[in-house]
Amino acid sequence: MTALLSPAPARARVAQIEAALGDPTEPGNPYGYRGLLAADRAAVPFAAVEDLLDGLGVSAEYVPQHLGGRLDSIETLVRVMRPLFRRDVGLGMGYGMHTFMAASDVWITGTPAQQEWLADLLLGGARAAIAQHETAHSNDYVRSQVAARRAGDGFLLTGSKPMINNLSRAEALVLFCRTDREPGSRSHSVLLLDPRQLPAGRATVLPRRHAVGLRGCLWTGIAFDDCPAPESALLGAAGSGVETALRSFQISRTVIAAMALAAVDTSLRTAVQFDLDRRLGGSYGSWTDPAKIDQALVGAFVNLLLYDALAVVAGRALHLLPEQTSVYSASLKYLLPKVLTKTMYDLSVVLGAGIYTRDGNLGIFQKHVRDVPVLSLGHAGTVACQATVIPQLPWLARRSWFAEPEPPAELFRLGTDVPPLDHARLSLACGRDSVSAALVAVADGAPGGSPADRALRTLASRLVGELRDLQQRVLALSDADWAGPRGAVSFPLADRYALLLAAASVAGVWQHSQGGRDPFLADPCWAAMALHRIARQLGTPVGELPPECGTRVRHELQLRFADRRSFDLYNTPVPG
Amino acid sequence: MTASTTRDAARPGLVPHGWLLDRIALYLKRPAESIDPTVPLAEYGLDSVCALSLCGDLEDEFGLEVEPILLWDHPTVESLTAHLAELPDPLRGRS
């Protein structure tokens with residue numbers, strides 16, 4: 001149990017899944033874009049791929065090792081699931097994440113018997129469904145409409161949940177419900193049920209609903225009418241529902257936000273291919289400026305790298321700095337629409353009118369444009385993420401920024417061993433952040449000889465100045481400013497903080513890649529470009545970068561495209 | 001330290017009732033005397049920002065490390081005061 005778990009097989013598992021799924025652009029590949037776009041149009045799950053993944057036993061990835069599965073770290077889970085998100089966000093969510101989110105609550109608070117029951121089901125290839133909150137109340141699951149009242153040795157359920165993916169084919173259901181009429185945070189509980197055992201007439205599955213994005217997901221509702229549930233169905237203590245959700249969101253936010261990057265990885269690959277075809281075909285219109293296109297493609301690549309730096313940090317922090325994770329996971333999820341969705345729009349400029357294509361290999365771009373934004377809706381949407389960070393800003397400003405020591409180097413060393421996840425140490429809020437110290441360290445470090453290295457140090461110093469400015473702005477707000485409608489002043493502060501956390505993650509990843517296996521990550525060019533983009537977004541006055549930065553990163557982009565490698569920090573081989 | 005004088009004045013409870021009520025009144029932007037100690041603070045509009053800020057204040061002022069979900073389990077001034085009175089003094093026993 002205490003031995004460090006080696007993530008070394010992760011690369012092999014990713015390679016196995018990529019190889020089984022094959023080159024998605026190949027028209028004859030039954031698991032490729034042609035098939036998945038057809039399934040998406042028909043609004044059905046992509047059955048061929050689901051069967052293939054079942055055959056590979058992918059659901060064991062959601063089950064912790066001590067329960068017989070392969071879940072050794074959140075980072076590994078992200079890496080193993082990226083091949084799915086690369087092809088189809090709906091597949092990644094529907095096949096993978098909804099089951100994982102349900103299971104995660106059971107790993108956090110379930111009894112050994114509940115954990116073993118679910119582990120056995122998932123290892124046998126079953127799906128789990130989760131009914132979190134009322135969509136009618138948007139993010140406000142605290143007003144959830146299923147009530148469970150005590151009756152005899154158990155509960156009687158009344159009310160309905162309108163949107164549960166996979167309910168009709170799930171063998172386990174994690175259900176959030178109200179167990180106390182009083183308002184407040186202790187009035188909700190979680191039940192773990194077998195949906196197939198619910199008595200007919202007492203539990204009714206409602207008709208399927210269709211959504212704009214993730215069209216292949218099977219959303220159905222369920223209505224309860226005095227439906228009995230045993231006491232043993234209770235997951236965690238009565239009244240602990242909201243706390244469980246907030247703990248579990250830290251994991252699911254991180255994982256989903258990190259996996260979503262893979263869809264934009266595909267969008268970038270599609271755009272590079274489109275541009276290449278156009279150049280070779282000589283069909284550049286006079287209105288197309290090749291320099292602008294280059295800039296858009298390189299900019300998209302840099303966005304993926306800086307976003308992935310924070311994703312790696314948030315994922316590894318769950319193991320290494322669990323107390324601090326709430327701000328990292330919320331900031332990452334907050335940046336999903338700001339960085340990933342925006343990157344897709346930037347890339348759509350490269351495609352021009354090609355963006356409207358809904359089939360062929362170009363059609364995948366349009367599908368990702370529809371699907372990725374859906375991920376920033378729902379229970380862990382932008383506002384929920386801001387609500388996690390904003391209350392912690394005064395603590396961070398008073399006690400943590402410029403005071404906290406640097407985080408351990410392992411936080412930034414992707415793919416290296418981490419201790420097992422300890423759910424009990426996840427704190428709902430602890431007001432601490434040691435990641436930003438990595439930015440200060442790079443700013444204070446002795447610059448090397450190259451212009452790129454000097455540029456990186458200068459940019460890091462400017463951004464440290466921004467962090468100091470943020471600290472002063474937070475401290476300048478009186479206690480009363482945080483309350484009531486004037487609390488709105490804190491929203492732009494949380495926005496700036498998320499970007500500074502991404503900058504600190506870039507600095508840390510670069511710093512701790514020195515002497516590592518990947519010479520590109522150890523090179524200051526990508527890190528300087530990443531900090532430059534962040535500084536521009538913050539409105540920090542910065543000069544031009546040395547030209548070698550753009551050249552080096554553009555060269556890497558072309559190399560990875562030609563060599564069929566991913567555009568994230570992992571530089572993983574992909575079949576196409 | 002001012003904190004220790006307040007604390008001495010506040011025996012037997014560690015956190016003076018007046019201090020707590022003033023803090024909450026500040027966050028709620030309403031007079032302290034208008035807060036009914038038996039009404040859940042959420043009903044006066046106390047949100048998560050204030051709830052967490054209050055936890056930070058307790059730590060800064062009295063060295064009390066309280067769980068960020070303090071107000072979930074003790075949602076009224078009355079229950080909060082009772083709970084805080086039972087906490088051990090973090091400075092007692094230190095040199």
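Nothing here was measured: the structure is a model prediction, and the numbers come from that model.

Rules of the game
Residues numbered from 1 in each chain as written. Chains lettered and ligands numbered in written order. Predicted model: local features only at pLDDT ≥ 70, side-chain atom pairs only at ≥ 80, totals over all residues. Heavy atoms only, no water. Helix = DSSP H or I, 4+ residues; strand = E, 2+ residues; numbered from the N terminus. Buried < 20%, exposed > 50% of the residue type's maximum accessible area, 1.4 Å probe, protein only. Contact = heavy atoms within 4.5 Å. Buried area = accessible area lost by both parts, 1.4 Å probe. Salt bridge = Lys/Arg side-chain N within 4 Å of Asp/Glu carboxyl O. Polar contact = N/O pair within 3.5 Å; in protein donor to acceptor, adjacent residues only side chain to side chain. Nonpolar A, V, L, I, M, F, W, Y, C, P; charged D, E, K, R; others polar. Phe/Tyr/Trp six-rings, centres within 6.5 Å; stacked < 30°, edge-to-face > 60°. Domains from an automatic or database assignment. Disulfide = S-S within 2.5 Å. Axes fitted to C-alpha atoms, helices over the stretch in contact; angles between N-to-C directions. Parallel < 35°, antiparallel > 145°, perpendicular 65-115°, else oblique. Left-handed = near helix turned anticlockwise from the far one by under 90°. Expected span 1.5 Å × (residues − 1). Bend = angle between axes of the 7 residues up to and from the residue.

Asks: Explain the overall build of chain B here, please?
Replies: Summing up its helical and strand segments, chain B has 5 helices and 0 strands in all. Element order for chain B, N to C, with α for helix and β for strand: α-α-α-α-α. A total of 95 residues make up chain B; the buried ones form 47% of that total. Sequence-distant contacts, at least 24 apart, represent 57% of the contacts inside chain B between residues at least 6 apart.

Asks: Just to check I follow, could you spell out the interface of chain A and chain B for this structure?
Replies: Quite often, the size of an interface is put as the accessible area lost when its parts meet. Residue-level contacts link 22 residues of chain A with 19 residues of chain B. Carbon and sulfur atoms supply 60% of the area that chain A and chain B bury against each other, a total of about 1,700 Å² over both sides. For the interface between chain A and chain B, the tally reads 3 salt bridges. For Arg 186 of chain A, the salt bridge goes to Asp 73 of chain B, with nearest N and O atoms at 2.3 Å. Remark: the boundary between chain A and chain B carries 4 residue pairs in polar contact (both at pLDDT 80 or more). Of all the elements in the fold, those that place two or more residues in the side of chain A that touches chain B are helix 7 (241-280) and helix 12 (393-400) of chain A. By residue class, the composition of the side of chain A that touches chain B is 12 nonpolar, 4 polar and 6 charged.

Asks: Quick question: what am I supposed to make of the packing of aromatic side chains here?
Replies: How two aromatic rings sit relative to each other is given by the distance of their centres and the angle of their planes. With the rule as written, the count across this model stands at 5 aromatic pairs over all chains. Ring centres 4.8 Å apart and planes at 85° place the aromatic pair Trp 19 of chain B and Phe 62 of chain B in the edge-to-face group. One end of the pair, Trp 19 of chain B, is in helix 2 (residues 17-28); the other, Phe 62 of chain B, is in helix 3 (residues 48-62), and 43 residues separate them in sequence. Taken as a pair, Trp 19 of chain B and Phe 62 of chain B share a single burial class, namely buried. Members of the aromatic cluster, joined through ring pairs, are Phe 301, Phe 520 and Phe 567 of chain A.

Asks: How should the side chain of Gln 250 of chain A be read in this particular structure?
Replies: Summarising the element assignment, Gln 250 of chain A is placed in helix 7. Filtering out sequence-adjacent residues up to four positions away, Gln 250 of chain A remains in contact with Leu 318, Pro 322, Thr 325, Ser 326, Ser 329, Leu 426, Ser 427 and Leu 428 of chain A.

Asks: Explanation requested: the domain arrangement of chain A in the structure shown.
Replies: All names here are of chain A. Its domain assignment divides chain A into domain 1 (9-127), domain 2 (131-235) and domain 3 (244-563). Placing the centre of domain 1 and that of domain 3 at their C-alpha centroids yields a distance of 25 Å. At the interface, 31 residues of domain 1 touch 42 residues of domain 3. Where domain 1 touches domain 3, the interface holds 6 salt bridges. Of the charged contacts in the structure, one is a salt bridge between Asp 88 and Lys 367, with a shortest N-O distance of 2.9 Å. On inspection of domain 1 and its partner domain 3, the count reaches 11 residue pairs in polar contact (both at pLDDT 80 or more). Where the side of domain 1 that touches domain 3 is concerned, the elements lending two or more residues are helix 2 (33-42), helix 4 (74-87) and helix 5 (89-109). If one sorts the elements of the side of domain 1 that touches domain 3 by residue count, helix 5 sits on top with 11 residues. Taken together, the residues of the side of domain 1 that touches domain 3 break down into 16 nonpolar, 5 polar and 10 charged.

Asks: Before we go on, may I ask you to explain the state of the cysteines in this structure?
Replies: Simply put, the disulfide is a covalent bond whose two ends are the sulfur atoms of two cysteines. All names here are of chain A. What the rule picks out here adds up to 0 disulfides over all chains. In this structure Cys 385 is not part of a disulfide, and its nearest cysteine sulfur, from Cys 430, lies 17 Å away. Sulfur of Cys 525: no disulfide; nearest cysteine sulfur belongs to Cys 549 and is 4.2 Å away.

Asks: Explain the packing of helix 7 of chain A against helix 8 (residues 290-320) of chain A to me, please; I cannot follow it from the model alone.
Replies: A pair of packed helices is characterised by two quantities: the angle between their axes and the separation of those axes. All names here are of chain A. The geometry of helix 7 relative to helix 8 is characterised by a closest axis approach of 10 Å and an angle of 160° between their N-to-C directions. In terms of orientation, helix 7 and helix 8 fall into the roughly antiparallel class. For the crossing formed where helix 7 meets helix 8, the hand is left-handed.

Asks: Help me understand helix 7 of chain A, please; the structure alone is not making it clear to me.
Replies: Residues spaced three or four apart along an α-helix point in a common direction, a consequence of the helix completing one turn every 3.6 residues. Residues and elements named next belong to chain A. Helix length check: helix 7 (40 residues) gives 58 Å between terminal C-alpha atoms against 58 Å at 1.5 Å per residue, within 8%. At Phe 249, helix 7 shows its maximal bend, which comes to roughly 30°. Counted residue by residue, helix 7 has 34 buried out of 40 residues, so it is predominantly covered. Where helix 7 terminates, the next one or two residues include Gly 282, which has phi positive at roughly 65°.

Asks: It is not clear to me how the environment of Arg 186 of chain A should be interpreted in this structure. Could you clarify?
Replies: Inspection of the secondary structure assignment puts Arg 186 of chain A in the loop between strand 4 (172-178) and strand 5 (188-193). Judged by its relative accessible area of 25%, Arg 186 of chain A is partly exposed. Spatially, the C-alpha atom of Arg 186 of chain A lies 26 Å from that of Lys 333 of chain A, the residues being 147 residues apart in sequence. Not counting residues within four places of it along the chain, the set of residues in contact with Arg 186 of chain A comprises Gly 239, Ser 240 and Glu 243 of chain A together with Ile 69, Trp 72 and Asp 73 of chain B. One polar contact links Arg 186 of chain A to Glu 243 of chain A, side chain to side chain, over a distance of 3.0 Å.

Asks: Is there a simple way to explain helix 10 (residues 363-371) of chain A in this structure?
Replies: In terms of residue burial, helix 10 of chain A counts as a mostly covered element, since 9 of its 9 residues are buried. Regarding helix 10 of chain A, the residues found buried are Gly 363, Ile 364, Phe 365, Gln 366, Lys 367, His 368, Val 369, Arg 370 and Asp 371 of chain A.

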